[in-house]
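Chain residues, written in single-letter form:
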Amino acid sequence: QRLNSAVHYTVGCLCQEVEEDKDVQFSKQSIAAISEITFRQCEIFAKDLEMFARHAKRTTVNTEDVKLLARRSNSLLKYITQKSEELASSNMEQKEKKKKKSSAAKGGRTPGEQEAAVTENEDSNMA
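Residues numbered from 1 in each chain as written. Predicted model: local features only at pLDDT ≥ 70, side-chain atom pairs only at ≥ 80, totals over all residues. Heavy atoms only, no water.

The name given to the protein chain in an unreviewed UniProt entry is Centromere protein S, with Platysteira castanea as the source organism. As its UniProt record puts it under Sequence similarities (unreviewed entry), the protein chain is described as follows: "Belongs to the TAF9 family. CENP-S/MHF1 subfamily." (UniProt positions renumbered as here; feature names shortened; annotations may be inferred.)

This is the structure we're talking about:
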């Protein structure tokens, strides 16, 4: 019930934005109808995502399932793919930062620092 109310509220806000932007009016009945359709479609999406994951013998829905769901809308699929790649690269950057922090905290050196130290030792040995 709370979720349905949240969908109704969000649809109302979106309709209000469209009203201001396009100079049109939405009746309360049309907002309610859009809300109901949106809520039902979200339920269908949730069931489809669950079935995609189950078919792949997984219990967790992943981005590939969402991409499969969005396959009929090229613009949505492109957007989801782009955001997925951004998240993946952001996660990789965070993991690298954590690795560097943990190795620095332990007194270890990053691979670049190790290479610089070896070069310094070779230079001092040649002198």
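Okay, back to it.
> Explain the overall build of the protein chain to me, and be specific about the residues and the numbers.
Each helix and strand in the protein chain was counted, giving five helices and zero strands. Burial status across the protein chain gives 13% buried among its 127 residues. Counting only contacts in the protein chain whose residues sit at least 6 apart along the sequence, the fraction spanning at least 24 positions is 22%. Within the structure as shown, the protein chain displays about 10,900 Å² of accessible surface, and the carbon and sulfur contribution to it stands at 55%. (Helix = DSSP H or I, 4+ residues; strand = E, 2+ residues; numbered from the N terminus. Buried < 20%, exposed > 50% of the residue type's maximum accessible area, 1.4 Å probe, protein only. Contact = heavy atoms within 4.5 Å. Areas by Shrake-Rupley, 256 points an atom, 1.4 Å probe, with all protein chains shown as cover.)

> With reference to specific residues and values, describe helix 2 (residues 28-55).
With 28 residues, helix 2 extends 40 Å from end C-alpha to end C-alpha; this agrees with the ideal 40 Å at 1.5 Å per step. When we look at burial in helix 2, the residues that qualify are Ile31, Ser35, Phe39, Leu49 and Ala53. Elements in contact with the buried residues of helix 2: helix 1 (2-22) and helix 3 (63-69). Two residues or fewer after helix 2 comes Lys57, characterised by a positive phi angle close to 60°. (Expected span 1.5 Å × (residues − 1).)

> Tell me about the packing of helix 1 against helix 2, and name the residues and values.
Think of two packed helices as two axes; the pair is described by the angle between the axes and how far apart they sit. Relative to each other, helix 1 and helix 2 sit at 125°, their axes nearing to 9 Å. The orientation of helix 1 with respect to helix 2, classified from their angle, is oblique. Where helix 1 crosses over helix 2, the handedness of that crossing is right-handed. Across the interface between the two elements, Leu3, Asn4, Val7, His8, Val11, Gly12 and Cys15 of helix 1 pack against Ile31, Ala32, Ile34, Ser35, Glu36, Thr38 and Phe39 of helix 2. A class-by-class count of the residues in the contact of helix 1 with helix 2 yields eight nonpolar, five polar and one charged. (Axes fitted to C-alpha atoms, helices over the stretch in contact; angles between N-to-C directions. Parallel < 35°, antiparallel > 145°, perpendicular 65-115°, else oblique. Left-handed = near helix turned anticlockwise from the far one by under 90°. Nonpolar A, V, L, I, M, F, W, Y, C, P; charged D, E, K, R; others polar.)

> Residues and numbers for the nonpolar core, please.
Membership of the largest hydrophobic core is limited to five residues, which are Val7, Val11, Cys15, Ile31 and Phe39. Listed by contribution, the elements that provide at least two residues to this core are helix 1 and helix 2. Setting aside chain neighbours within four positions, we find Ile31 in contact with His8, Val11, Gly12, Cys15 and Phe26. (Core = buried A, V, L, I, M, F, W, Y, C linked by side-chain atoms within 4.5 Å.)

> Report on the pattern of salt bridges, specifying residues and quantitative values.
All told, the structure shown has five salt bridges when counted by the stated rule. Note that Arg54 is salt-bridged to Glu50, the shortest N-O span being 2.9 Å. Linking Arg54 with Glu50, this pair stays in helix 2, spanning four residues, or about one helical turn. Classification of Glu50 as partly exposed rests on a relative accessible area of 42%. A salt bridge links Lys67 to Glu64; the nearest nitrogen and oxygen atoms lie 3.4 Å apart. Note that Lys67 and Glu64 are positioned in helix 3 at a spacing of three residues, about one turn of the helix. For Lys67, a relative accessible area of 18% puts it in the buried group. (Salt bridge = Lys/Arg side-chain N within 4 Å of Asp/Glu carboxyl O.)

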